[in-house]
Amino acid sequence: MTSISIKTAEDIAGMRVAGRLASEVLDYITPFVKVGVTTGELDRLCHEYMTNVQGTIPAPLNYCPPGYTPYPKAICTSVNDVICHGIPGDKVLKNGDVVNLDITVIKDGYHGDTSRMFYVGEPSIMAKRLGDITYECMWLGIAKIKPGAHLGDIGHVIQQHAEKAGYSVVREFCGHGIGKVFHEEPQVLHYGRPGTLERLEAGMIFTVEPMINAGRRDIREMGDGWTIRTKDRSLSAQWEHTVLVTETGYEVLTVSAGTPPPPAFIQQAASASAA
């Protein structure tokens, strides 16, 4: 059994602030994600907004887990067949591209971690469907969160929804516990069997961040030591929220004015259970 930290009221208050600030970076950068911009420019803008406007620290910058070289930028920009950890640089976004922007800020020692998919110009029907299904996967996973549920419940519903749509779930990367530490227990797999793995308790905080591929789930690592692409060069999508287990269910912490609302079927289910 892994050791999963239960956050205090003070921790939860700090995580709410950090989560909102991370989401506000995505609100800020949204109008800049358009044809002709480079991923490096998006990184520069986000970095300046974090440090100069918010007074936050970009957690990815110089982040160096064992076996890695220090990550060189403030955000991750994963375009088209990049699954995760795309390093911003000279790549120019063109019409039809899809890009995931992954933001983690540190405020008063607490980490807020969230990501969204963006469409550059007019996305293809295939790209839009992949993004929509991935968003639904994330929210179906989040909706399973409550005390007494299991981490396997989250992974199972995500895998079921993705595979029913003809997509595959990346296995090598997963959600994670988060707080004053960027990555901590538990690991939140996006596949699995219901009723398995750790039992959820109020006060746990972790991310739900499914990576869904249009083709096969196999990955390849690029020479920079960070960028992960689909092996078959198919499109990949990801959405991410940081979530608190409450006494009665869940609270999404990475919410701001521009956060996309949950899918209608999630809102309807929540209304029905509250009635």
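In this convention, every chain numbers its residues from 1, walking through the sequence in written order. Per-residue local features of the predicted model are confined to residues with pLDDT of at least 70, and side-chain atom pairs are confined, for both listing and counting, to 80 or more; whole-chain, interface and lining totals are unaffected and use all residues. Side-chain metrics in this entry use all non-hydrogen atoms of the structure; hydrogen atoms and water are not considered.

Looking at an unreviewed UniProt entry, one finds the protein named Methionine aminopeptidase and attributed to Collimonas arenae. UniProt positions are given in the numbering used here, feature names are shortened, and annotations may be inferred rather than shown by experiment. Checking UniProt for the protein, the heading Subunit (unreviewed entry) contains the comment "Monomer." UniProt, in its Catalytic activity (unreviewed entry) section for the protein, records the words "Release of N-terminal amino acids, preferentially methionine, from peptides and arylamides."

Undergrad: Help me out: how do you make sense of the pairing of strand β4 (residues 98-107) in this one?
TA: Here is the key point about a regular strand: its side chains alternate between the two faces of the sheet. Here's how the labels work: a residue is buried when its accessible area is under 20% of the maximum for its type, exposed when over 50%, partly exposed in between, all with a 1.4 Å probe on protein chains only. Each helix is a run of DSSP H or I of at least 4 residues and each strand a run of E of at least 2, with the numbering of both proceeding from the N terminus. Of all 10 residues in β4, 9 are buried; the element is thus mostly enclosed. Here 2 bridges tie strand β1 (residues 57-58) to β4, and the two strands are oriented antiparallel to one another. Note on β4: the bridge partner recorded for I57 is I106. Inspection of the sheet shows strand β2 (residues 76-79) paired to β4 by 4 bridges, in the antiparallel sense. The partner of C76 across the bridge, within β4, is D102. Any two strands with at least two DSSP-identified bridges between them are counted as paired. Of the strand pairs in this sheet, β4 and strand β5 (residues 110-119) are connected by 10 bridges, and their pairing is antiparallel. Each residue of the ladder has a partner; that of V105, found in β5, is G112. Between the end of β4 and the start of β5, which pair antiparallel, lie 2 residues, with D108 showing a positive phi angle near 55°.

Undergrad: So what exactly am I meant to see when it comes to unusual backbone geometry here?
TA: With glycine set apart, most residues show a phi of negative sign, and most peptide bonds adopt trans. Here the amide bond leading from E185 into P186 is cis, since omega sits at 5°, within 30 degrees of zero. With respect to the helices, strands and loops of the structure, P186 is situated in strand β8 (residues 184-188). One non-glycine residue, N80, lies in the positive phi region at around 55°. With respect to the element layout, N80 can be found in the loop between β2 and β3 (82-84). Among the residues examined, N80 registers a relative accessible area of 17% and is labelled buried. Residue R233 is not a glycine yet carries a positive backbone phi of 65°. The topology assignment puts R233 in the loop between β12 (228-230) and β13 (236-238). R233 gets classed as exposed once you look at its relative accessible area, which sits at 58%.

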